[in-house]
Amino acid sequence: MSLPYFYSEQVKKDNYIISLEEGPSRHITQVLRMEPGERLLLTDGKGNVHSAEISQIHKKSTGVKILSSVHSKQSTPGISIAISLIKNTTRFEWFLEKATEIGVNEIIPLLCERTEKHHFRLDRMKSILVSAMLQSQQAWLPELSEPRDLLKNFSQFKYPQKFIAHCEGTEKHAIRNVFEKDKDVFMLIGPEGDFTQKEIEEAIQNNFLPVTLGETRLRTETAGIVAACLLKNLL
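Residues numbered from 1 in each chain as written. Predicted model: local features only at pLDDT ≥ 70, side-chain atom pairs only at ≥ 80, totals over all residues. Heavy atoms only, no water.

**What to know about the environment of Ile17**
Part 1: Looking at the secondary structure, you find Ile17 in strand S2 (residues 17-19).
Part 2: Ile17 gets classed as exposed once you look at its relative accessible area, which sits at 62%.
Part 3: With 46 residues separating them in the primary sequence, Ile17 and Gly63 have C-alpha atoms 7.1 Å apart.
Part 4: Aside from chain neighbours lying at most four places away, what touches Ile17 is Val64 and Lys65. (Helix = DSSP H or I, 4+ residues; strand = E, 2+ residues; numbered from the N terminus. Buried < 20%, exposed > 50% of the residue type's maximum accessible area, 1.4 Å probe, protein only. Contact = heavy atoms within 4.5 Å.)

Here you go:
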């Protein structure tokens, strides 16, 4: 049986005895009912996985001793997806979960001209990423930013290759025909009403290449997952 896997931001390579936060401590004591001397794994979400032994049990602050550490390199090239917020928060959270499981490196929530919902709780969204990272046994937590206004940030998106997936009936490329395997990639996914013509034109002026995600019209969160899968399979 594999060892229980937890996340803690405070784990450092030179920090051999630490007290875990209340969340993992409660899970260890009240759900798994572990005892001192039992082992577990910890990751800091930055590629480091630590083997640890429980030294003291407490539901709010369980003490563990770090025994050994290994570092996993982040997969390259990286995949960044900038995606509009949507009305149904549950569906957006589903996207965050699945994108993390797939192995997306960075997620940027967008405020587009047709974005209908602006409410965003970074702490809750990050907790979803953490859960998905642990469930899929990964050591890297995707970067997640506060929502950005698309039209105000085009010049900030400095990536080697940049794609925009929109629904307009203009010429678009199949991703496999234009994807360069050794370069980081950035994908724009629009809101439920699609990007406006102004946003599409601005994207093209900023060297975004229009691409297709298939023949059917997709929900925002579905388009994000399709894009993540297509890009991951091309790496």
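**Examining the pairing of strand S6 (residues 79-84)**
Part 1: Here S6 lies mainly inside the structure; 6 of its 6 residues are buried.
Part 2: Covered by surrounding structure in S6 are Ile79, Ile81 and Ile83 together with Ser80, Ala82 and Ser84, the residues of both alternating faces.
Part 3: Summarising the sheet, S6 and strand S12 (residues 185-189) pair through 5 bridges and their orientation is parallel. Of the residues in S12, the one forming a bridge with Ala82 is Leu188.
Part 4: Alignment of S6 against strand S7 (residues 106-111), held across 5 bridges, turns out to be parallel. Residue Ser80 lies in a different strand from S7, and its bridge partner there is Glu106. (Pairing = 2+ DSSP bridges.)

**Side note on the nonpolar core**
Inside soluble globular proteins, nonpolar side chains tend to come together where they are buried.
Part 1: Membership of the largest hydrophobic core comes to 38 residues, with the highest contact counts inside it found for Ile81, Leu96, Ile107, Met187 and Ile189.
Part 2: Elements that contribute at least two residues to this core include exactly strand S1 (5-7), S6, helix H2 (89-102), helix H3 (122-135), strand S10 (161-165), S12 and helix H7 (220-234).
Part 3: Broken down by element, this core gets its largest block of residues, 6 residues, from H3.
Part 4: The contact partners of Ile189, leaving out residues within four places of it in the chain, are Ile81, Ala82, Ile83, Ser84, Leu110, Ala165, Phe195, Leu213, Thr220, Ala223, Gly224 and Ala227. (Core = buried A, V, L, I, M, F, W, Y, C linked by side-chain atoms within 4.5 Å.)

**Description of helix H6 (residues 197-205)**
Part 1: Turning to H6, its buried residues number three or more, namely Glu199, Ile200 and Ala203. Buried residues of H6 fall within an arc of 100 degrees about the axis and therefore sit on the same side.
Part 2: Of the surrounding elements, those touching the buried residues of H6 are helix H4 (150-153), S10 and S12. (Arc of directions from axis to C-beta.)

**Here we look at unusual backbone geometry**
Part 1: In this structure, Pro77 follows Thr76 across a cis peptide bond, with omega equal to -5 degrees.
Part 2: Within the element layout of this structure, Pro77 appears in the loop between strand S5 (63-71) and S6.
Part 3: Although it is not a glycine, Arg33 sits at a positive phi angle of roughly 50 degrees.
Part 4: Along the chain, Arg33 turns up in the loop between helix H1 (22-31) and strand S3 (39-43).

**Regarding the state of the cysteines**
Part 1: Counted under the stated rule, the structure contains 0 disulfides.
Part 2: Left unpaired, Cys112 is separated from the closest cysteine sulfur, that of Cys167, by 12 Å.
Part 3: No disulfide involves Cys229; its nearest neighbouring cysteine sulfur is the one of Cys167, lying 18 Å away. (Disulfide = S-S within 2.5 Å.)

**Concerning the packing of aromatic side chains**
Part 1: The full count for this structure, using the stated rule, is 5 aromatic pairs.
Part 2: A connected cluster of aromatic rings, assembled from ring pairs, spans Phe154, Phe157, Tyr159, Phe186 and Phe208. (Phe/Tyr/Trp six-rings, centres within 6.5 Å; stacked < 30°, edge-to-face > 60°.)

**Re the packing of H2 against H7**
Part 1: As a packed pair, H2 and H7 sit with axes 9 Å apart at the nearest point and diverge in direction by 10 degrees. In terms of axis orientation, H2 runs roughly parallel to H7. Listed contacts from H7 to Arg91, Trp94, Phe95, Lys98, Ala99 and Ile102 of H2 are Glu221, Gly224, Ile225, Ala228, Cys229 and Lys232.
Part 2: Per-class residue counts for the contact of H2 with H7 are 7 nonpolar, 1 polar and 4 charged. (Axes fitted to C-alpha atoms, helices over the stretch in contact; angles between N-to-C directions. Parallel < 35°, antiparallel > 145°, perpendicular 65-115°, else oblique. Nonpolar A, V, L, I, M, F, W, Y, C, P; charged D, E, K, R; others polar.)

Geometric values such as these leave the question of function open.
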